Amino acid sequence: LYLWGVVRNDRLHPRHPWPKGRTAAFVGAIAVTAVAVLSFIGVYDRVLFWDHMIQHLLLIMVAGALFAVGSPIDLAWRATTGEAHRRLGRVLRSGPANVLGHPIVAYAVYALVIPLTHLTSFYNYTLVTEPVHDTEHLVYLVVGYLFFRQVFGSDPNRYRMHPALRALYLFVAVPIDTFVGLSLDNETHEIFPAYAAMHRHWGVSLVQDLHVGGVIMWVGGDTLMMLALIPVALQWLHLEERKAVRADRELDAAYGDGPELVAPG
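About the cut-offs
- Residues numbered from 1 in each chain as written.
- Predicted model: local features only at pLDDT ≥ 70, side-chain atom pairs only at ≥ 80, totals over all residues.
- Heavy atoms only, no water.
- Helix = DSSP H or I, 4+ residues; strand = E, 2+ residues; numbered from the N terminus.
- Rg over C-alpha atoms; globule rule 2.2 N^0.38 Å.
- Buried < 20%, exposed > 50% of the residue type's maximum accessible area, 1.4 Å probe, protein only.
- Areas by Shrake-Rupley, 256 points an atom, 1.4 Å probe, with all protein chains shown as cover.
- Lys, Arg positive; Asp, Glu negative; His and termini not counted.
- Charge placed at Lys NZ, Arg CZ, Asp CG, Glu CD.
- pLDDT = per-residue confidence, 0-100.
- Salt bridge = Lys/Arg side-chain N within 4 Å of Asp/Glu carboxyl O.
- Polar contact = N/O pair within 3.5 Å; in protein donor to acceptor, adjacent residues only side chain to side chain.
- Contact = heavy atoms within 4.5 Å.
- 1 Å grid on protein atoms, 1.4 Å probe; cavity = no way out; pocket = protein on both sides within 12 Å on 5 of 7 lines; lining within 4 Å.
- Points joined across faces, edges and corners; volume = space filled by probe spheres on them.
- Nonpolar A, V, L, I, M, F, W, Y, C, P; charged D, E, K, R; others polar.

Chemist: Mind laying out the overall build of the protein, listing which residues take part and the relevant values?
Modeler: Each helix and strand in the protein was counted, giving 14 helices and zero strands. For 265 residues, the compact-globule estimate of 2.2 N^0.38 gives 18 Å, and the C-alpha radius of gyration of the protein, at 23 Å, exceeds that figure by more than 25%. Taken along the three principal axes of its C-alpha coordinates, the protein extends 90 × 60 × 30 Å. The buried share of the protein, reckoned over its 265 residues, is 39%. Taken as a whole, the protein presents about 14,600 Å² of accessible surface, with 69% of it coming from carbon and sulfur. Where the 20 positive side-chain charges of the protein centre and where its 22 negative ones centre are 15 Å apart.

Chemist: Give me the lowdown on the confidence of the model for the protein, citing residues and values where you can.
Modeler: On average, residues of the protein score 91 in pLDDT, and 96% of them reach the 70 mark or higher. Confidence, read as mean pLDDT per element, is least for helix α14 (residues 206-255) in the protein (89) and greatest for helix α2 (residues 20-38) (97).

Chemist: Report on the side chain of Glu 190, specifying residues and quantitative values.
Modeler: Residue placement: Glu 190 occurs in the loop between α12 (174-185) and α13 (193-198). Although buried, Glu 190 forms no salt bridge, and the nearest oppositely charged side chain, Arg 200, lies 6.4 Å from it. From its side chain, Glu 190 meets the backbone nitrogen of Phe 192 in a polar contact 2.9 Å long. Setting aside residues no more than four positions away along its own chain, Glu 190 makes contact with Tyr 195, Ala 196, Leu 206, Val 207 and Leu 210.

Chemist: Account for the layout of surface pockets, naming residues and giving values.
Modeler: Each pocket or cavity is described by its volume, and for the largest pocket that value is around 410 Å³. At the level of elements, α5 (72-79), α6 (82-92), α7 (95-100) and α10 (130-148) are the ones that each hand at least two residues to the lining of the largest pocket. Looking at the lining of the largest pocket, the element that brings in the most residues is α10, giving four residues. Counted by class, the lining of the largest pocket contains 14 nonpolar, four polar and three charged residues. One number sums up the size of the second largest pocket: a volume of about 180 Å³.

Chemist: How would you sum up unusual backbone geometry? Please name residues and give values.
Modeler: Notably, Ser 71 is not glycine yet its phi reads approximately 50°, a positive angle. Here Ser 71 is to be found in the loop between α4 (49-70) and α5. Looking at Ser 71, the relative accessible area reads 0%, which means it is buried. Positive phi is not limited to glycine here, since His 199 has a value of about 55°. Within the secondary structure layout, His 199 lies in the loop between α13 and α14.

Right under this line is the structure:
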């Protein structure tokens, strides 16, 4: 459907083709999601906690970010016409869309979902209930998309942050993964009964499994968040450079034809 939208957009707007980088990002997001859910990572996601943590990072911080870069809503807006375009416009201007598009809401959802799905009994529920476990995967993708769309991508949104605010937005999210990861790493016993009930006789012990998963969330999550800061910092730098060039041109236009100042002597 996304690729069909790309073809339709390029047909409707030949002078403004859809960026190939965004298409590559969306296809990459699909591939990362498939690896996280359908490969060996998905096979052991309810057996090994550290395996689940790798899956979690792939879904929310890699696939979610790539989906945000892919900007599927922007593509739908550009590839539709007529009544479909008008309906999409009404949805994008609606109250729920404005709420979900707010950076504070996106941050709050991220800050709530990460601890809730790893430090409470909800996680144990996902281990024993397959539909809930599958729904958790979808929630991770949606939360990752909502969070990173504030930083990357071009989806229609009435809230646009300056690169400096985007950098701050990412930076203040780092403690969330750090807190959850350290909490898990400091556990002295298995906190999820479903793992204990499996009586697994291979791999690391139950407590070590928790500790490794906590370290993966702590180190891996913080590393991915800091990597996301790099393009934002570069964008901020380029913006300041453009401002400086524009200021120089304005000064040249204002004083370029004036008398030159000659030092005495």
